[in-house]
Amino acid sequence: MSPRRLALVPDPYPGESLLSWGDALARLNQVSRTEALRMAGLINSSTVSAVFGYRVSDRSCVR
């Protein structure tokens, strides 16, 4: 049975990228980066891109 919540959530370092923080989150909780970010509520299956990693929708971008 996979976990439904993250037991450990580290504070990001100043200037740390989202993907770096996601890696730390995943490592601490022993899950994949994608699973850690999904469980943190930052992504869902429609935002995952096989080419790079994550897409930001046009609605999310500040113009």
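Our subject in this report is the structure included herewith.

Thresholds applied
Residues numbered from 1 in each chain as written. Predicted model: local features only at pLDDT ≥ 70, side-chain atom pairs only at ≥ 80, totals over all residues. Heavy atoms only, no water. Helix = DSSP H or I, 4+ residues; strand = E, 2+ residues; numbered from the N terminus. Buried < 20%, exposed > 50% of the residue type's maximum accessible area, 1.4 Å probe, protein only. Contact = heavy atoms within 4.5 Å. Areas by Shrake-Rupley, 256 points an atom, 1.4 Å probe, with all protein chains shown as cover. Expected span 1.5 Å × (residues − 1). Salt bridge = Lys/Arg side-chain N within 4 Å of Asp/Glu carboxyl O. Polar contact = N/O pair within 3.5 Å; in protein donor to acceptor, adjacent residues only side chain to side chain.

Looking only at helices and strands, the chain has two helices and zero strands in total. Counting the 63 residues in the chain, one finds 24% classified as buried. Partitioning the intrachain contacts of the chain with sequence separation of at least 6 by distance along the chain shows that 20% fall at a separation of at least 24. Looking at the chain as shown, the accessible area adds up to about 5,200 Å², and 54% of this sits on carbon and sulfur atoms.

Below, the discussion takes up helix H1 (residues 18-29). Look at H1: 16 Å from first C-alpha to last across twelve residues, which is about the 16 Å you get at 1.5 Å a residue. Those residues of H1 lying buried are Trp21, Gly22, Ala24, Leu25, Ala26 and Asn29. Those residues of H1 that are buried lie in contact with helix H2 (33-39).

The next thing to look at is the pattern of salt bridges. One pass over the structure, following the stated rule, counts two salt bridges. Taking the shortest distance from any N to any O, the salt bridge between Arg33 and Asp23 comes out at 2.6 Å. Residue Arg33 is located in helix H2, and its partner Asp23 is located in helix H1; the two are separated by ten residues in the primary sequence. Residue Arg33 is classed as partly exposed on the basis of its relative accessible area, which comes to 30%.

Attention now moves to the environment of Asp11. As for its placement among the helices and strands, Asp11 is situated in the segment before H1. Owing to a relative accessible area of 69%, Asp11 belongs among the exposed residues under this scheme. Distance from Asp11 to Ala24, taken between C-alpha atoms, is 9.7 Å for residues 13 residues apart in sequence.

As a further point, take the side chain of Asn29. Take Asn29: it is sitting in helix H1. A relative accessible area of 15% places Asn29 in the buried class. A polar atom in the side chain of Asn29 sits 2.6 Å from the backbone oxygen of Leu8. Discounting chain neighbours no more than four positions away, the residues touching Asn29 are Leu6, Ala7 and Leu8.

By the element assignment, Ala26 lies in helix H1. Each C-alpha atom of the pair Ala26 and Leu37 lies 8.0 Å from the other, and the pair is eleven residues apart in sequence. Aside from chain neighbours lying at most four places away, what touches Ala26 is Val31, Ser32, Arg33 and Ala36.

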